[in-house]
Amino acid sequence: MSATIPRRSADRSEGLLASPWVHVGQAAAALAVGMGVGRFVYTPILPLMHAQAGLSAGGGANLATANYVGYLLGALVGILRPALVRSPQVLRGSLIVLTGTLAAMPLTHSTAVWIALRLTAGVASALVFVIAVSSLLSHLRDHPAHLPGWAFGGVGAGIALSGLLVLALRSVADWQAAWWGSAGLAVVFTALSWNLRVELPPAEVTDPGAVTPARSARTHRWFTALFVGYTLEGVGYIVAGTFLVAAIDQASPGWIGSGAWVLVGLAAVPSSALWAWLGRRWSRPDLLFAALVIQAAGIALPALVGGVAAALISAFLFGATFLGIGTIALATGAHLRFPRSVALLTAGYSVGQIIGPLAVTPLLHHGYHQALILAAAVVLVAALAAVVLRIGFPHRMADEPAGERRAHPTA
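Read on for an overview of the structure. The written sequence of each chain sets the order in which its residues are numbered from 1. In view of the model being predicted, local features appear only for residues whose pLDDT reaches at least 70, and side-chain atom pairs are presented and counted only at 80 or more, with totals across whole chains, interfaces and linings using the full set of residues. To obtain the side-chain values, all non-hydrogen atoms of the structure were included, while hydrogens and water were left out.

Brief notes about helix 3 (residues 42-52)
What counts here: Under the scheme applied here, a residue whose accessible area is under 20% of the maximum for its type counts as buried, over 50% as exposed, and between as partly exposed, the area being computed with a 1.4 Å probe on protein chains only. For the purposes of this entry, the term helix denotes a DSSP run of H or I that reaches at least four residues, the term strand denotes a run of E that reaches at least two, and both are numbered from the N terminus.
Within helix 3 the residues assigned to the buried category are Tyr-42, Thr-43, Pro-44, Ile-45, Leu-46, Leu-48 and Met-49. Two residues or fewer after helix 3 comes Gly-54, characterised by a positive phi angle close to 75°.

Overview of the environment of Phe-393
What counts here: Contacts: residue pairs with any heavy atoms within 4.5 Å of one another.
Along the chain, Phe-393 falls in the segment after helix 16 (369-390). A relative accessible area of 5% places Phe-393 in the buried class. Distance from Phe-393 to Arg-221, taken between C-alpha atoms, is 10.0 Å for residues 172 residues apart in sequence. Ignoring any residue separated from it by four or fewer positions in sequence, one finds Phe-393 in contact with Trp-222, Pro-285, Thr-332, His-335 and Leu-336.

So, the pattern of salt bridges
Rules: Think of a salt bridge as a Lys or Arg side-chain nitrogen and an Asp or Glu carboxyl oxygen that are within 4 Å of each other.
Overall, the coordinates contain one salt bridge when judged by the stated rule. Among the ionic pairs, Asp-286 bridges to Arg-390, the shortest N-O distance being 3.2 Å. In this pair, Asp-286 is assigned in helix 13 (residues 284-304) and Arg-390 in helix 16, connecting sequence segments 104 residues apart. The exposure class assigned to Asp-286 is partly exposed, which follows from its relative accessible area of 23%.

A few points about the nonpolar core
A general trend in soluble globular proteins is that nonpolar side chains are found buried together. Quick reminder of the rule: Joining through side-chain atoms within 4.5 Å is the link that ties buried Ala, Val, Leu, Ile, Met, Phe, Trp, Tyr and Cys residues into a set, and such a set is a nonpolar core.
Counting residues in hydrophobic clusters, the biggest one holds 121 residues, and the most contacted among them are Met-49, Phe-129 and Trp-179. Every residue in contact with Met-49, bar those within four places of it in the chain, is listed here: Gly-54, Leu-55, Leu-63, Met-105, Trp-114, Trp-175 and Trp-179.

Focus: the side chain of Ser-350
For clarity, the threshold we go by: Contacts described as polar in this section are N or O atom pairs within 3.5 Å, which, within protein, must combine one atom able to donate a hydrogen with one able to accept it, while residues neighboring in sequence count only if both atoms come from side chains.
In this structure, Ser-350 sits in helix 15 (residues 341-360). Here the side chain of Ser-350 touches Thr-346 through a polar contact of 2.6 Å, landing on its backbone oxygen. Residues in contact with Ser-350, not counting those within four places in the same chain, are Tyr-71, Leu-72 and Ala-75.

Observations regarding the packing of aromatic side chains
This is how it is decided: Aromatic contacts are taken between Phe, Tyr and Trp rings whose centres are within 6.5 Å, Trp giving its six-membered ring; a plane angle under 30 degrees counts as stacked, one over 60 as edge-to-face, and the others as tilted. Working rule: Lys NZ or Arg CZ, within 6 Å of ring centre, within 35 degrees of ring normal, means a charge sits over the ring.
Summed over the entire model, instances satisfying the criterion amount to 13 aromatic pairs. Both rings, one in Phe-129 and one in Phe-152, keep their centres 6.5 Å apart while their planes meet at 70°; by these two values the pair is edge-to-face. Pair noted here: Phe-129 is in helix 6 (residues 111-139) and Phe-152 is in helix 7 (residues 146-169), with a separation of 23 residues, a long-range link. Of the two residues, Phe-129 and Phe-152, neither departs from the other in class, the shared state being buried. A centroid spacing of 5.3 Å and a plane angle of 15° characterise the contact between Phe-318 and Phe-322, whose relative ring orientation is stacked. Residue Phe-318 and its partner Phe-322 are located together in helix 14 (residues 308-335), separated by four residues, close to a single helical turn. Three or more aromatic residues joined by ring pairs form one cluster here, namely Phe-40, Tyr-230, Tyr-237, Trp-261, Phe-318, Phe-322 and Tyr-349. The ring centre of Tyr-71 lies 4.2 Å from the NZ or CZ of Arg-39, which sits over that ring.

Examining empty space enclosed by the protein
The gaps left among the atoms become clear once a water-sized probe is rolled over them. This is how the line gets drawn: A cavity, in this analysis, means grid points on a 1 Å lattice covering only the protein atoms where a 1.4 Å probe fits yet has no way out; a pocket is instead an open set bounded by protein on both sides within 12 Å along at least five of seven lines, and a residue lines either one if it has an atom within 4 Å of a point. Grid points are joined across faces, edges and corners, and a volume is the space filled by probe spheres set on the points. Think of it as three bins: nonpolar holds Ala, Val, Leu, Ile, Met, Phe, Trp, Tyr, Cys and Pro, charged holds Asp, Glu, Lys and Arg, and polar takes everything else, Gly as well.
Throughout the structure, instances matching the rule amount to four cavities of 30 Å³ or more. Estimated volume of the second largest cavity: approximately 130 Å³. In terms of lining, the second largest cavity is formed by 15 residues, of which the most central are Met-35, Phe-129, Tyr-230, Leu-323 and Tyr-349. Taken together, the elements giving at least two residues each to the lining of the second largest cavity come down to helix 7, helix 10 (213-251), helix 14 and helix 15. Considering every element that reaches the lining of the second largest cavity, the biggest residue donor is helix 14, with five residues. Here the residues of the lining of the second largest cavity are counted per class, giving twelve nonpolar, three polar and no charged.

Focus: the environment of Leu-358
Along the chain, Leu-358 turns up in helix 15. A C-alpha to C-alpha distance of 9.7 Å links Leu-358 and Val-235, two positions 123 residues apart in sequence.

Some details on unusual backbone geometry
Phi is positive for Arg-337, close to 60°, though the residue is something other than glycine. Position of Arg-337 among the secondary structure elements: in the loop between helix 14 and helix 15.

Details of the packing of helix 3 against helix 8 (residues 175-193)
Filter applied, for reference: To get an axis, fit a line to the C-alpha atoms, keeping to the stretch in contact for a helix; angles then go from 0 to 180 degrees between the N-to-C directions. Angular relationships are summarised with four words: roughly parallel below 35 degrees, roughly antiparallel beyond 145, roughly perpendicular across 65 to 115, and oblique for the angles in between. Crossing handedness: left-handed means the near helix sits turned counterclockwise from the far one by under a right angle, and right-handed means the same turn made clockwise.
Running from N to C, helix 3 and helix 8 cross one another at 155°; their axes reach a closest spacing of 9 Å. Considered as vectors, helix 3 and helix 8 are oriented roughly antiparallel to each other. Judged by the sense of rotation from one axis to the other, the crossing of helix 3 with helix 8 is left-handed. Contacts between helix 3 and helix 8 pair Tyr-42, Ile-45, Leu-48, Met-49 and Gln-52 from the former with Trp-175, Ala-178 and Trp-179 from the latter. In terms of residue class, the contact of helix 3 with helix 8 is made up of seven nonpolar, one polar and no charged.

Okay, here's the thing in structure tokens:
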């Protein structure tokens, strides 16, 4: 993942970016609030809302769907208005709005208002995600690939810290305190990410070299395979992300489900950096295939094997792969120099997240096992798309300097 930008562009970037680790920390904080807290804290709070706030099972599913729809809308904004992705004002406004939705959840018992809040949170989460990732791929293009990987670990840190917070509060407080606590955590991450430098204008990070029609057609084929695979990953991943804790709770003590969710976050923290490190030796399509197969096994495990050990292994495998898959896919889109690749891939992923819960809803009458098996099968199909992506994949783009080619044993 160590593709570089031309030296003249790198010089301008380095003038703006004195310390890449500062940028990594700010981007990690943005991803922590945008995804780890703003999006995923709903998973451990949901059982409390069922038990204490009178939220029905159908209402809980509607809140989740509203958030996924909002996420898609936010990604579409990034596609239709790419200038917004380079706006620090949009980033800061999205962080404020997202934090506000968390703080507003305990102020009402209206499911309709909750749906509106989670919809708004989804839009803000997507904007924060697209802006932060575009910033990383822009400013750190000429730095070691593990740096953006550690920034993606912010999502895992947000999941783990918010999960621990809810786990601690559930024994001494109620669902409202859990939401307020998550809002407080979001304030901390927002402050840390406030000065994140957004993406540079396209002319400053790309080489104006000619792009031939033949190369453009090949790039579209590669990107199509990537887009299909990443969209299918959205379908399978969100089923596990939504129902994994509930599936574990059905067969194990209550603390196992919450503890497994914290383990998901802890495993996710170093995962992107690890997958980036592996990218020194293996091509991105190969890594994407491996990560998808491992994730499919993790999703299917609690449906095939009962017990605490299987639940914890499943959580670890899921946490160790879902961010890595995102990192690899988004970096591949940037490597192909496909216009607005981050926003397009995020939109496809968002569509998958909407389809996933709807597709498995008829299966939930019989528990969660069939839903997890179906999700694992979809992820395996995504792995086949990675195989298609591998055919003729350009490990070095034609307009990159020859010295920038990474060593791939399979290239």
